[in-house]
Amino acid sequence: SRARSRGTAGAALLPSMLMFGVILASSGLLLMIERGILAQVGPPPPHPPGGPSRRVGRDSPAELELEVLRDTRNRTIRALCGQRSMPRSVWELPPGQRRTVLRHLLVSDKYRFLYCYVPKVACSNWKRILKVLDGALESVDVQGKMDHKSDLVFLGDMKPEEISYRLKHYYKFLFVRNPMERLLSAYRNKFGEIKEYQQKYGVEIVRRYRKNGGNSAGDDVTFSEFLRYLLDEDVERMNEHWMPIYNLCQPCAVRYDFIGSYERLHADANHVLEHIQSPSFVRFPERQAWYKPVTAETLHYYLCNTQRRLIKELLPKYILDFSLFAYPLPNITSEFCRQ
């Protein structure tokens, strides 16, 4: 059963993996996966003094590093998406993949943009902004649980000709995040705080991967058990909170004008808000005081206390997210983990 599941997941991943092998080999990533080695890349440049909205000098190290990052992403996406067998539009996608991406593209007709939301990449705050821009919400600072369905317009609810027009003429953007950090954030949130996920997924995960786990309430899923579950899941059938960004937003079928980073969230969000000419009172919300983000130290702790083999086997499912969006593979060498 596990072998069949992995085979299905592999088929869902590619044509991409075979074609993308050339790109991976040229950058040494295949060798690094095999050896479980990757030099740790330093953290992204900090926001300049004066706040994230202040512009950085064009020749500053932070700005140059950002330009290199964006150039790397653009070149890699062009290299992959330029392959003959890759989709050129959403209409060339299989029906299931097309439904997924159209369900994740939010529409603002007033400001003429499409935003592909990715769970665990600040999508709740972006949805809040869309509601404010549409007049359904008074302020981004309004307290209360975020309703992820009401007062939002999804591209998938429109007619084919309406979809095509917006894909061709509207400004399109998405935000990405380090894949392993995103997985850890989903794990801690869904299995540590959300009873619905504990009952729907947690109980089954424990029953499947733990001896005598039948009495679990689903609130004690370990990170290793979660990764084993992901390893056996078909990528196209995954829950959106841990489905790869590539599968959620299809960057080959949808040519995005801007790809922002979770690591430069406010600066990149300000760039988008300026581009769409949003009202000056609309700003990206500050992080809630109760929110505890995943730090580099927390991520390293979880990864270094997980079987290296498990992580290495899981990486191919998320390799397009790592490579297309220029994120380093996790450093799980014994030497690094001892530190």
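Residues numbered from 1 in each chain as written. Predicted model: local features only at pLDDT ≥ 70, side-chain atom pairs only at ≥ 80, totals over all residues. Heavy atoms only, no water.

Just so we agree on the cut-off: UniProt positions are given in the numbering used here, feature names are shortened, and annotations may be inferred rather than shown by experiment.
With an unreviewed UniProt entry as reference, the protein chain is termed Carbohydrate sulfotransferase, source organism Pomatostomus ruficeps. What UniProt states about the protein chain under its Subcellular location (unreviewed entry) heading is, verbatim, "Golgi apparatus membrane". On record in UniProt, under Sequence similarities (unreviewed entry), the comment for the protein chain is "Belongs to the sulfotransferase 2 family."

### A word on the overall build of the protein chain
Which entries qualify depends on this criterion: The secondary structure listing takes helices from DSSP runs of H or I that are at least 4 residues long and strands from runs of E that are at least 2 residues long, numbered from the N terminus. Buried residues are those whose accessible area, probed at 1.4 Å on protein chains only, stays under 20% of the maximum for their type, while exposed residues exceed 50% and partly exposed ones sit between those limits. Two residues qualify as a contact provided that any one of their heavy atoms is within 4.5 Å of a heavy atom in the partner residue. Residue burial considers only the protein chains on display, and all accessible areas are found by Shrake-Rupley using a 1.4 Å probe.
The helix and strand inventory of the protein chain stands at 15 helices and four strands. Relative to its full complement of 339 residues, the protein chain shows a buried share of 50%. Long-range contacts, defined here as pairs at least 24 residues apart, represent 71% of the contacts in the protein chain between residues at least 6 apart. Working note: accessible area of the protein chain is about 17400 Å², and carbon and sulfur atoms make up 51% of it.

### A word on the environment of Ala267
Tracing the backbone through its elements, the reader meets Ala267 in helix α12 (residues 265–275). Each C-alpha atom of the pair Ala267 and Phe284 lies 9.5 Å from the other, and the pair is 17 residues apart in sequence.

### Structural notes on the nonpolar core
How we decide: Take the buried Ala, Val, Leu, Ile, Met, Phe, Trp, Tyr and Cys residues and link them wherever side-chain atoms come within 4.5 Å; each set so joined is a nonpolar core.
Leu105, Trp126, Phe226, Leu230 and Trp242 are the most contacted members of the largest nonpolar core, which has 95 residues in total. Tallying contributions element by element places helix α14 (residues 308–324) first for this core, with nine residues. Dropping the residues within four chain positions of it, Phe226 is found in contact with Leu183, Tyr187, Phe191, Ile205, Val221 and Trp242.

### Side note on the sheet that holds strand β3 (residues 171–176)
Condition: By this definition, two strands are paired if DSSP reports at least two bridges between them. Interaxial angle, 0 to 180 degrees, is taken between N-to-C directions of lines fitted to C-alpha atoms, where a helix line uses only the stretch in contact.
In spatial order, the strands read β1-β2-β3-β4; together these four strands make up an open sheet with mixed pairing. Sheet topology places β1 (105–108) and β4 (258–261) at the edges, where each strand pairs with a single neighbour. Adjacent strand axes in the sheet meet at a mean angle of 25°, parallel and antiparallel pairs treated alike. Bridge count between strand β2 (residues 113–116) and β3: four bridges; the pairing is parallel. From the neighbouring strand, Phe113 faces β3, where its bridge partner is Tyr171.

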